[in-house]
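Given next are the chains, with one letter for each unit.
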Amino acid sequence: MTMKKVSSIIFILIILTPMTGCIEDEPSAQPSEENQQPVIYGTIHLEHFFDNTTNLTHDYSLWIAAMALDYDGVIEQFGIDVDSDGVIDYNASNSSTYHHQLITNENEWMNPVPWSKFNNNNIDFCQQWISIIAIDDKGDRDVQPFSIEFVWDDQVQMCLEPIRNLEMYSFSGADAPAATGVLVTMSQGGDANFASLDIKVSINGGQGANCDATCYTEAGTADQAWTTGEDLAIAADCGQDAAGADIDQCTVTVTVFDNRANQQIGNDVSVAMDETVLIRPMEFNFD
Ligand SMILES: [Ca+2]
Ligand SMILES: [Ca+2]
């Protein structure tokens, strides 16, 4: 290419750049001049839904915290596509305000497929795309896809429920005001049904024992789910010494496991428990 041609091209680029404003865009990526497409703000999340008319808890109900805006028109359709065909399967009732709303408490939305991690021939987990779709009055759309991973059960060769984000959980603990037990609070996390949890209680670092419904008591509504911020009263006993006398003080360690993923969720909680609280009530400590 001659120097003259190069300088001609540079000259044309300099002229064109301020005229178009987006000369680097591919033609197909140029926005329509007639219509601005909708914009979705928000996300999906999975939580249990407690139906107080039936007293039933629905695990893995599909929720959104989202809204959609159309700057030059109106949103005509707003909802969730669960099978990636671009067609909304569940309508969201409210698109105009950022809103936490239940999409469905049924399980029909779940349609995961087995999947392997990169470079691995084993099936490691299952996966499904869920999209929020907003369509405006001109038929233009915004689509925000989200990936949800599910537990793969190798024994029965099928996909199970969604995998919890184990890193999001954290727990804190305190000695309970009652003589024997501790309070453990889910300080961060997501609602978890007790059927999918194993709660282990260990005394002074000894072998842990499973804490079932006879051992824990929900603080809030007995909805069979441990909700974020809810403290659980967990019965524990320091045991007896060699002479058979009650031991009053011990360290209680509580660990919580997802029994489908076979993984601990959140941190260990160790609490210095004092069973002599009735004698020294001023030592109640809720911190
Ligand atoms: Ca528009
Ligand atoms: Ca669909």
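Rules behind the numbers
Residues numbered from 1 in each chain as written. Chains lettered and ligands numbered in written order. Predicted model: local features only at pLDDT ≥ 70, side-chain atom pairs only at ≥ 80, totals over all residues. Helix = DSSP H or I, 4+ residues; strand = E, 2+ residues; numbered from the N terminus. Buried ≥ 20, exposed ≤ 12 C-beta atoms within 10 Å, placed from the backbone. Contact = placed C-beta atoms within 7 Å. Core = buried A, V, L, I, M, F, W, Y, C linked by C-beta atoms within 7 Å. Pairing = 2+ DSSP bridges. Axes fitted to C-alpha atoms, helices over the stretch in contact; angles between N-to-C directions. pLDDT = per-residue confidence, 0-100.

Draft legend 1. Quick peek at the overall build of the protein. Assigned secondary structure in the protein consists of one helix and 19 strands. Buried residues in the protein amount to 25% of all 287 residues. The long-range fraction of contacts in the protein, counting pairs at least 24 apart against all pairs at least 6 apart in sequence, stands at 57%.

Draft legend 2. Local environment of the nonpolar core. Counting 24 residues, the largest nonpolar core has I64, A68, I80, I132 and A134 as the members making the most contacts within it. Secondary-structure elements contributing two or more residues to this core are β2 (56–69), β3 (75–81), β7 (125–136) and β8 (141–153). Ranked by the residues each element gives to this core, the list is headed by β7, at six residues. Other than its neighbours up to four places away in sequence, I64 contacts G42, I44, I80, A92, Q101, I103 and I132. Of all hydrophobic cores here, the second largest spans 23 residues; its members include F171, V201, A236 and V271.

Draft legend 3. Expanded view of the sheet that holds strand β1 (residues 39–51). Pairing within the open sheet is antiparallel, and its three strands lie in the order β1-β2-β5. Each of the sheet's edge strands pairs with one partner strand only, and the pair in question is β1 and β5 (99–104). On average, each strand axis in the sheet is tilted by 35 degrees relative to the strand beside it, whichever way the strands run.

Draft legend 4. Representation of the confidence of the model for the protein. Mean pLDDT for the protein: 84, with 84% of residues reaching 70 or above. This model gives residues 9–23 a pLDDT under 50, and the stretch forms three contacts once residues within four places in sequence are excluded.

Draft legend 5. Focus on unusual backbone geometry. Located in the positive-phi region is N55, a residue other than glycine, with phi close to 60 degrees. Here N55 shows up in the loop between β1 and β2.

Draft legend 6. Molecular detail of the pairing of strand β17 (residues 231–234). Here four bridges tie strand β11 (residues 182–188) to β17, and the two strands are oriented antiparallel to one another. Each residue of the ladder has a partner; that of T185, found in β17, is D231.

Draft legend 7. Just the sheet that holds strand β18 (residues 249–258), in detail. Read across the sheet, four strands follow the order β14-β13-β18-β19 without closing on themselves; strand pairing throughout is antiparallel. Only two strands of the sheet have a single neighbouring strand rather than two, namely β14 (209–210) and β19 (263–274). Here strand β13 (residues 197–203) pairs with β14 via two bridges, running antiparallel. Bridged to V201 within β14 is A209.

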